[in-house]
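# Structure at a glance
Letter by letter, the chains look like this.
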Protein chains: 2
Amino acid sequence: MLKDIIDNNENYQPGLSIDCVIFGFHDNQLKVLLIKVERANKWSLPGGFIPVDQDIDTAAITVLNSRTGVDGVFLRQFATFGKVDRNKQHFDKKTLEYLKIEEAKGKWLMRRFVTIGYYALVDFSKILPNPTGRHEIVEWIDHKEVPELILDHREILDKALDTLRIELNLMPVGYNLLPEKFTIPELQKLYETILDKKLDRRNFLRKITNIGILTKLDEKKSNGAHKAPNLYSFDKEKYDEVLKNGLNQGW
Amino acid sequence: MLKDIIDNNENYQPGLSIDCVIFGFHDNQLKVLLIKVERANKWSLPGGFIPVDQDIDTAAITVLNSRTGVDGVFLRQFATFGKVDRNKQHFDKKTLEYLKIEEAKGKWLMRRFVTIGYYALVDFSKILPNPTGRHEIVEWIDHKEVPELILDHREILDKALDTLRIELNLMPVGYNLLPEKFTIPELQKLYETILDKKLDRRNFLRKITNIGILTKLDEKKSNGAHKAPNLYSFDKEKYDEVLKNGLNQGW
DNA sequence: AGTACATTGCGTCATAATAACACATTAATG
DNA sequence: CATTAATGTGTTATTATGACGCAATGTACT
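Residues numbered from 1 in each chain as written. Chains lettered and ligands numbered in written order. Predicted model: local features only at pLDDT ≥ 70, side-chain atom pairs only at ≥ 80, totals over all residues. Heavy atoms only, no water.

An unreviewed UniProt entry annotates chain A as NUDIX hydrolase of Flavobacterium tagetis.

So this is what it looks like as structure tokens:
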């Protein structure tokens, strides 16, 4: 796969890549889809290169699609990372040898790369992590348990989370991360996780329902050993209408 | 200048550029610094290329600096633009001939370019627009009167404004755009211009002073034929403290 | 079967923030 | 010196927010 790209590197934008932070929500945890190649000892964000005949947004969709099998989800460019040394010594001679890439062709990879960061919000329940090769591990990892990452991927991930935190105030992010039917406590946990702070149960209910984007269903979710919470779904129409204006505007 | 870059194009990131939206505020107008080369009939955003040994943020500072002479100002990356056709036919053969660039070397310029957008907030009164060549015009233009721009620069400008609008809710942008001493009505006009809506004078005063970042000075500004408004300045310390938490948080 | 328990659902109240508005003050102008 | 068009200050009704109390629910345990 990588070798194909190297062999045809004139078909790709030089020195430019895409990295995706794919968020999912499961078991009351905000999770991130990470990748590890067998021989490496660090994890990385799913990424890819940009075909010269593709918009960068399209290339990002391709990256997302190849790892998750889904498309049509929420995908958003959030920042571009371009420190000079960010990928220095990532593809060194040893690595190239291992990958059986000729030194001449490897130069394309060894040059300085700028990467465009996208983050995706996906419905965890619909995703089956999809390794593109036998030597690759793809896994959902709790955002609080993320191990050491290659290059500046930790910085990219952090920036994605910061952006998500800000966006949360501007739009109901829950729509993209939760399954069709969900409970208010689940939605609250999502908010608490992203904002990294506790919220009052009763006030949260009042505020979130006042927005008018939730539809109360005639179903309950049996929830272990306790009172069964009601199920809700998003009212897509009202959701879209609210999005136009944003939520909390100060002025 | 451009020719120097072409002649040494191996010193620059290929297919990648920087464009700056430089905002200033004057005469109650939000202004944008635009550039026109003599022979062109369209204006453009000040831009530049990225030396292979410079961080992209550093390269952006260089662009800003070369046009305004200032540095140490507020500069922020807001988006990256990478549609396939965004610079198609920008440097065609005719243009290359005019610029006396050999066709072989011109190929570097004719390829597809992705551009990273930065916006800057500068104190209008401290800036003297600075043409880098004799055949270049640099001018402040009211953001409502911006003429047709080259390529997708209109889209870039619009996106910068959108971002500014959102940031306004998160931080007191006024600090960067106004001179050291300013009046409340001036600050309000700035807010109204960016948000594109009228605000109530009295409520604005209350809210902005309640934030606690303004210092009332013992001076007044003689303001034409009416009551002289009081002058204020920002309290940098409190301003920085407020920035940490952001301003209007909903949750 | 009945009780304990953790969780959910709904309501209350004091306080703070907001929007809408009235009126006094100021400085240049004719 | 009155007029005028601004600025500065205050008032009030309404709404939003934060911090709670308490009843309802569904499972598990005795």
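### Examining the overall build of chain A
Formally: Under the DSSP-based scheme used, a helix requires at least four consecutive residues in state H or I and a strand at least two consecutive residues in state E, with every element numbered from the N terminus. Residue exposure (1.4 Å probe, protein chains only): buried if accessible area is under 20% of the type maximum, exposed if over 50%, otherwise partly exposed. Residue contacts follow a heavy-atom distance rule, with two residues in contact if any of their heavy atoms lie within 4.5 Å. Only the protein chains shown count as cover for residues, with accessible areas throughout obtained via the Shrake-Rupley method and a probe of 1.4 Å.
Broken down by element type, chain A carries 9 helices and 9 strands. Per-residue burial over chain A gives 50% buried out of 251 residues. Pairs at least 24 residues apart make up 74% of the contacts formed inside chain A by residues separated by at least 6 positions. Entry remark: accessible area of chain A is about 13,100 Å², with carbon and sulfur atoms responsible for 47%.

### Quick look at the sheet that holds strand 8 (residues 214-220) of chain B
Residues and elements named next belong to chain B. To keep it simple, the criterion reads: At least two DSSP bridges between two strands are needed for those strands to be called paired.
In space, the 3 strands of this open sheet follow the order 7-9-8, with antiparallel pairing throughout. Of all the strands in the sheet, just strand 7 (182-183) and strand 8 have a single pairing partner and so form its edges. Two strands pair when backbone bridges link them, and strand 7 and strand 9 (residues 230-234) are joined in this way by 2 bridges, in the antiparallel orientation. Paired with phenylalanine 182 across the bridge in strand 9 is tyrosine 232.

### A closer look at the protein's contact with DNA strand D
The cut-off we apply is this: Here a residue counts as near a molecule or strand whenever at least one of its heavy atoms sits within 4 Å of it. Each residue receives one of three labels: charged for Asp, Glu, Lys and Arg, nonpolar for Ala, Val, Leu, Ile, Met, Phe, Trp, Tyr, Cys and Pro, and polar for the others, Gly being one of them.
Taken together, 19 residues surround DNA strand D, and among them Arg202, Arg206 and Lys227 of chain A together with Arg202 and Asn230 of chain B come closest. Taken together, the sugar and phosphate atoms account for 46% of what DNA strand D places within 4 Å of the protein. Counting residues per element, the ones that place at least two in the surface near DNA strand D are helix 8 (201-210) of chain A together with helix 8 (201-210) of chain B. Counting residues per element, the surface near DNA strand D draws most heavily on helix 8 of chain A, which supplies 4 residues. Residue composition of the surface near DNA strand D, by class: 5 nonpolar, 5 polar and 9 charged.

### What to know about the sheet that holds strand 8 (residues 214-220) of chain A
The strand order across the open sheet built from 3 strands is 7-9-8 (chain A), with neighbouring strands paired in antiparallel fashion. Every other strand in the sheet has two partners, leaving strand 7 (182-183) and strand 8 of chain A as the edge strands with one partner each.

### Some points on the interface of chain A and chain B
Formally: Accessible surface is computed with a 1.4 Å probe, and the buried area is the amount of it that two parts give up when combined, taken over both parts together. Criterion for a salt bridge: a side-chain nitrogen of Lys or Arg within 4 Å of a carboxyl oxygen of Asp or Glu. Think of a polar contact as two N or O atoms within 3.5 Å of one another; within protein, one of them needs to be a possible hydrogen donor and the other a possible acceptor, and neighboring residues in sequence only count if both atoms come from side chains.
In this complex, chain A contributes 38 residues to the contact, which on the side of chain B involves 38 residues. Across the interface of chain A and chain B, roughly 3,000 Å² is buried in total on both sides, 55% from carbon and sulfur atoms. Connecting chain A to chain B are 0 salt bridges. Summed over the shared surface of chain A and chain B, the result is 11 residue pairs in polar contact (both at pLDDT 80 or more). When residues of the side of chain A that touches chain B are traced back to their parent elements, those giving at least two are strand 1 (12-26), strand 3 (47-51), strand 4 (74-81), strand 5 (114-121), helix 5 (153-168), helix 7 (184-195) and helix 8 of chain A. By residue number, the principal contributor to the side of chain A that touches chain B is strand 1 of chain A, which donates 5 residues.

### Some words on the protein's contact with DNA strand C
Within the structure, DNA strand C sits among 18 residues, and Arg202 and Asn230 of chain A together with Arg202, Arg206 and Lys227 of chain B are positioned closest to it. Expressed as a percentage, the sugar and phosphate content of the atoms of DNA strand C within 4 Å of the protein is 50%. With respect to DNA strand C, the backbone of asparagine 230 of chain A contributes an N or O atom lying 2.7 Å from a phosphate oxygen. Taking arginine 206 of chain B, its side chain carries an N or O atom lying 3.3 Å from a base nitrogen of DNA strand C. Every element with two or more residues in the surface near DNA strand C is listed here: helix 8 of chain A together with helix 8 of chain B. Here the surface near DNA strand C takes 4 residues from helix 8 of chain B, the largest share from any one element. The residue makeup of the surface near DNA strand C, split by class, is 4 nonpolar, 5 polar and 9 charged.

### Remarks on the nonpolar core
Quick reminder of the rule: Side-chain atoms within 4.5 Å link the members of a nonpolar core, which is a set of buried Ala, Val, Leu, Ile, Met, Phe, Trp, Tyr and Cys residues.
Judged by nonpolar contacts, the single largest core of 44 residues is most densely connected at Ile18, Ile22 and Ile116 of chain A together with Ile18, Ile22 and Ile116 of chain B. In this view, isoleucine 116 of chain A contacts Leu16, Ser17, Ile18, Asp19, Ile50, Ile56, Gln77, Ala79 and Thr80 of chain A together with Thr80 and Val114 of chain B; residues no more than four positions away in its chain are not counted.

### A short note on helix 2 (residues 56-68) of chain A
Helical geometry: 3.6 residues make up each α-helical turn, so side chains three or four residues apart lie on a common side. All names here are of chain A. Counted only if it meets this: Multiplying one less than the number of residues by 1.5 Å gives the expected span of a helix. This arc corresponds to the set of directions leading from the helix axis out to the C-beta atoms.
A rise of 1.5 Å per residue sets the reference length of helix 2, with its 13 residues, at 18 Å; its end C-alpha atoms lie 18 Å apart and thus fit the reference within 8%. Taken residue by residue, helix 2 has Ile56, Ala59, Ala60, Val63, Leu64, Arg67 and Thr68 as its buried positions. End-on, the buried residues of helix 2 take up no more than an arc of 155°, which puts them together on one face. Just beyond helix 2, the residue with positive phi is glycine 69, at close to 75°.

### Concerning the pairing of strand 1 of chain A
Residue and element names in this part refer to chain A. Most of strand 1 is tucked away, with 14 of its 15 residues classed as buried. Pairing of strand 1 with strand 5, which is carried by 8 bridges, proceeds in the parallel orientation. In the sheet register, serine 17 faces strand 5, and the bridge partner there is threonine 115. Note: strand 1 against strand 2 (residues 29-37), 4 bridges, orientation antiparallel. Bridge pairing in strand 2 links phenylalanine 23 to valine 32.

### Digging into the relation of the copies chain A and chain B
For clarity, the cut-off: Residues below a pLDDT of 70 in either copy are left out; the C-alpha atoms of the rest, at least 70 in both, set the least-squares superposition of the copies.
When chain A is fitted to chain B, the residual RMSD is 0.1 Å, and the transformation amounts to a turn of 180° plus an axial shift of 0.0 Å. The operation mapping one copy onto its partner corresponds to a two-fold rotation axis. Most of the interface of chain A is mirrored in chain B, where 100% of its interface residues again form contacts.

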